Amino acid sequence: MTDISASTISNFFSASSKEPSVYKMGLICAALGVSMDEYFGIEKEVTTEDQLTKANEQLKHQKQLHDADVQIAHLEGSMEQMAKTINYHRKKSRDTKFAIYGLTFLCAIFMAVIVGYIFFDYRIPHQGLIQGGEASIFAWIVFLLLAVGIGFFAAILMMYFRYAKKYTLSPDKGGDKQ
């Protein structure tokens, strides 16, 4: 590596040997991966400019760390806000489902009452909308509205169940228990 014979190197460590030349010492230091300044303990004089450059590098590094911390905090805040938004929408969805079921139940009760009224009105021959087996124009309007209401009721229920089936995830796919 250094082109210096092993016997010459071993002579350097014996008591009778003279010191190696600077040239040979440089070859030995290069082979060992040590600078001659380090070997002889010579320290570089640090100037004010060098100190400022080092301080600027440290400040840049600290600024990068601070910027990364700010970005992480911002992302964590965004995640917290997203979690709050998801919880809000889940609650809103649950409340909407409750309202839909409640209104659907109420509509079913009203339609059952109207069907019951028509049935009992038909049984009383001389009073109500149906007199003597004949339906008045107002009775036909009530029948038509009842038929349209039942049709809308059925269509809305079918649409809702299709929507619920399409957009509700099962628990094994990340959805909530229903």
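Above this note sits the structure.
Bear in mind that the values here come from a model prediction, so they are computed numbers and not experimental data.

Scoring rules and cut-offs
Residues numbered from 1 in each chain as written. Predicted model: local features only at pLDDT ≥ 70, side-chain atom pairs only at ≥ 80, totals over all residues. Heavy atoms only, no water. Helix = DSSP H or I, 4+ residues; strand = E, 2+ residues; numbered from the N terminus. Buried < 20%, exposed > 50% of the residue type's maximum accessible area, 1.4 Å probe, protein only. Contact = heavy atoms within 4.5 Å. Areas by Shrake-Rupley, 256 points an atom, 1.4 Å probe, with all protein chains shown as cover. Expected span 1.5 Å × (residues − 1). Polar contact = N/O pair within 3.5 Å; in protein donor to acceptor, adjacent residues only side chain to side chain.

(A) Representation of the overall build of the protein within the structure. When you go through the protein residue by residue, the secondary structure sums to five helices and two strands. A total of 178 residues make up the protein; the buried ones form 9% of that total. When contacts within the protein are restricted to residue pairs at least 6 apart in sequence, those whose partners lie at least 24 apart make up 37%. Put simply, the protein shows about 15,500 Å² of open surface, and 65% of that area lies on carbon and sulfur atoms.

(B) Spotlight on helix H5 (residues 137-167). The terminal C-alpha atoms of H5 lie 45 Å apart, and with 31 residues this matches the ideal 45 Å at 1.5 Å per residue to within 8%. Of the positions making up H5, those classed as buried are Ala139, Val142, Leu146 and Tyr160. Buried positions along H5 lie against helix H4 (48-123), strand S1 (130-131) and strand S2 (134-135).

(C) Seen up close, the side chain of Thr104. For Thr104, the location among the structural elements is in helix H4. Separated by 2.6 Å, the side chain of Thr104 and the backbone oxygen of Ile100 make a polar contact. Contact partners of Thr104, with chain neighbours within four places excluded, come to Phe153 and Leu157.

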